[in-house]
Amino acid sequence: MVTAGQPAIALIWAQFAAYHVDRCEAVGRRLGSRAEVLGVEVATTSDTYAWEPSGAIAAARKITLFPGKSYDAVPAWQRFRAMFRVVRGCRMVCLGIGYGSADAILLSWALRLSGVRVIALSESKFDDKPRNVWFEAAKSLVLGGYSAAIVGAGRHRAYFRFLGFRNRPVLVGYDGVGVERIRREGLAANRESPAWEERPYVFVGRFVDKKNLFTLLDGYAAYLHEASDPRDLVLAGSGPLEKALREHAGALGVAGKVRFTGFLPAAAVSRLLADALALVLVSSEEQWGLVINEALSLGLPVIASTAVGARDVLVRNLVNGFVIEPQSAESLAEAMRLLASDEARWRRMSAASDERAWLGDADRLADAIEFLFDPPATEAAARIGAYIEQLEPLDQ
């Protein structure tokens, strides 16, 4: 599958969404004159995400190994065989499939033994869940097939160093989106921005336990109790908790102020965020939270919990939003009140989000891959250094 003549770089994910396309295009634009860039999508759908099928990729060659199929319906050995056959001739393979899955383990070691440099793409961090020392030790052995890692930000880098990447590069900037794409989608249909007083709070994501949506509703209800002119809350997404969430909103007496949109495609999410007052993401577990990248792309303040990985670099408390404890409905209510009651404060935070948006762009992944592919890439190295400077001092 690799074209003779140029070295090849492959980026592999189980299923593509719009932001996977963004990342492949960013790498293709950056390295297309020096390497063939392959965007390898294992399958069109999955049991986990309801993303619409992805389209073509500019500046890179897209390969879907099992078109029209669900990733979960294809046996692991078939996935491994198909991936290995396509990328074994590459110089570098960036693997974004969960490193604990059987096909990823087999692929990383098979490629290493074939002389291919394998890069882990990960947003895992130590505080995602309770950790077992023996399981973590076994994980370190499994990860021995990788020569480097590209991760989210500070906590993610610390976790990979803990997993044995002490003498192997661990770069930041993995979790990016196409900032310009989101701006085009969000602003094209919103030439006349809504008045500040009409903007709602917005959540975007799956309706699952880790998103902490019952606490979100509790905090919103407390905010409504105190607010003289309260904003609506929009919950965009779908999932197994939807019925229970609707019932909880009813029990709290806020059902008339909460709107459920159902699952929205990427462009519709951009338009929704462009009209919002702030994004609210108060997950109890969140490896990253790419919707925060999207919010910053549109100059939107963010209320995020401490569990959210993206807050390490994208959210600064009291600067472009608020960082709160995930189980504190009272803190959430107060953050909502402060944002909704002072337009000047909101505009300052909006401008600060716009200034930080570059940190969440897919070009940050292109920086990391370019640096690994071509270490003398001084401009990419400088941007990586600037990214690290934005982390909290203990995370640098």
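Residues numbered from 1 in each chain as written. Predicted model: local features only at pLDDT ≥ 70, side-chain atom pairs only at ≥ 80, totals over all residues. Heavy atoms only, no water.

Draft legend 1. Representation of the pairing of strand 1 (residues 8-13) in the model. In terms of burial, strand 1 is largely enclosed, as six of its six residues are buried. Handedness of the β-α-β unit built from strand 1, helix 1 (residues 18-31) and strand 2 (residues 36-45) comes out right-handed. Where strand 1 lies against strand 4 (residues 92-95), four bridges are found, and the strand directions are parallel. Across the sheet, leucine 11 pairs through a bridge with cysteine 94, a residue of strand 4. (Buried < 20%, exposed > 50% of the residue type's maximum accessible area, 1.4 Å probe, protein only. Helix = DSSP H or I, 4+ residues; strand = E, 2+ residues; numbered from the N terminus. Right-handed = clockwise from strand over helix to strand, strands pointing away. Pairing = 2+ DSSP bridges.)

Draft legend 2. How the structure looks around the sheet that holds strand 4. Strands sit in the order 3-2-1-4-5-6-7 across an open sheet of seven strands; the sheet is parallel. Only two strands of the sheet have a single neighbouring strand rather than two, namely strand 3 (61-70) and strand 7 (170-172). Each neighbouring strand pair of the sheet contributes to a mean axis angle of 20°, computed without reference to strand direction. In the packing of helix 1 onto the sheet, the strands contacted are strand 1 and strand 2, and the crossing angle to strand 1 comes to about 170°. (Axes fitted to C-alpha atoms, helices over the stretch in contact; angles between N-to-C directions. Contact = heavy atoms within 4.5 Å.)

Draft legend 3. Here's a closer look at the side chain of serine 124. If you trace the backbone, serine 124 turns up in the loop between strand 5 (117-122) and helix 4 (133-142). Taking relative accessible area as the criterion, serine 124 reaches 18% and is therefore assigned buried. If we skip the residues at most four places from it in the chain, serine 124 touches Tyr99, His156, Tyr159 and Gln287.

Draft legend 4. View of the nonpolar core. Ranked by size, the top nonpolar core spans 110 residues in total, and within it Ile12, Phe160, Tyr201, Leu216, Ile292 and Ile303 carry the most contacts. If we ignore the near neighbours within four places in the chain, the residues touching isoleucine 292 are Leu279, Leu281, Val302, Ala304, Val308, Ala310, Leu314 and Val315. Core analysis: the second largest hydrophobic core is formed by 28 residues, Leu11, Ala60, Leu121 and Ala368 among them. (Core = buried A, V, L, I, M, F, W, Y, C linked by side-chain atoms within 4.5 Å.)

Draft legend 5. Quick peek at the layout of surface pockets. Of the volumes computed, that of the second largest pocket is approximately 260 Å³. What lines the second largest pocket is a set of 20 residues, among which Leu187, Ser193, Arg199, Ala274 and Leu298 lie closest to the centre. For the lining of the second largest pocket, the secondary structure elements donating two or more residues are helix 6 (179-188), helix 9 (266-274) and helix 13 (343-356). Considering every element that reaches the lining of the second largest pocket, the biggest residue donor is helix 13, with four residues. Looking at the lining of the second largest pocket, its residues break down into ten nonpolar, five polar and five charged. (1 Å grid on protein atoms, 1.4 Å probe; cavity = no way out; pocket = protein on both sides within 12 Å on 5 of 7 lines; lining within 4 Å. Points joined across faces, edges and corners; volume = space filled by probe spheres on them. Nonpolar A, V, L, I, M, F, W, Y, C, P; charged D, E, K, R; others polar.)

Draft legend 6. Spatial organisation of the sheet that holds strand 13 (residues 321-324). Judged by pairing direction, the sheet is parallel, and its six strands sit side by side in the order 10-9-8-11-12-13 without closing on themselves. The sheet terminates laterally at strand 10 (258-262) and strand 13, the two strands that pair on one side only. In this sheet, adjacent strand axes meet at a mean angle of 20° when their direction is disregarded. Its contacts with the sheet place helix 9 against strand 8 (201-204), strand 9 (233-236), strand 10 and strand 11 (278-281), and it is angled at close to 155° to strand 8. Those strands touched by helix 10 (residues 290-297) are strand 8, strand 11 and strand 12 (302-305), and its axis lies near 170° from that of strand 11.

Draft legend 7. Main features of the environment of glycine 205. Positionally, glycine 205 belongs in the loop between strand 8 and helix 7 (213-226). With 34 residues separating them along the chain, glycine 205 and glycine 239 place their C-alpha atoms 8.9 Å apart. If we ignore the near neighbours within four places in the chain, the residues touching glycine 205 are Ala236, Gly237 and Ser238.

Draft legend 8. Layout of the side chain of serine 108. Relative to the helices and strands, serine 108 resides in helix 3 (residues 102-113). At 2.9 Å, the side chain of serine 108 and the backbone oxygen of isoleucine 105 are in polar contact. Discounting residues that sit within four places of it in the chain, serine 108 has contacts with Val118, Val142, Gly145 and Tyr146. (Polar contact = N/O pair within 3.5 Å; in protein donor to acceptor, adjacent residues only side chain to side chain.)

Draft legend 9. Region of the structure containing the pattern of salt bridges. Going through the model one piece at a time under the given rule, you end up with 29 salt bridges. Across the pair arginine 34 and aspartate 374 runs a salt bridge whose closest N-O atoms are separated by 3.1 Å. Residue arginine 34 is found in the loop between helix 1 and strand 2, and its partner aspartate 374 is found in the loop between helix 14 (363-373) and helix 15 (378-389); the two are separated by 340 residues along the sequence. Owing to a relative accessible area of 30%, arginine 34 belongs among the partly exposed residues under this scheme. Overlapping salt bridges, with partners in common, bring together Lys125, Asp127, Asp128, Arg131, Glu136, Lys139, Arg155, Arg311 and Asp312 in one network. (Salt bridge = Lys/Arg side-chain N within 4 Å of Asp/Glu carboxyl O.)

Draft legend 10. Expanded view of the packing of helix 1 against helix 14. Taken N-terminus to C-terminus, the directions of helix 1 and helix 14 make an angle of 45°; their axes are 8 Å apart at the nearest point. On the basis of the axis angle, helix 1 is oblique to helix 14. The crossing of helix 1 and helix 14 is right-handed. Two secondary-structure elements touch here, helix 1 through Arg23, Ala26, Val27, Arg29, Arg30 and Leu31 and helix 14 through Asp363, Leu365, Ala366, Asp367, Ile369, Glu370 and Phe373. Grouping the constituent residues of the contact of helix 1 with helix 14 by class yields seven nonpolar, no polar and six charged. (Parallel < 35°, antiparallel > 145°, perpendicular 65-115°, else oblique. Left-handed = near helix turned anticlockwise from the far one by under 90°.)

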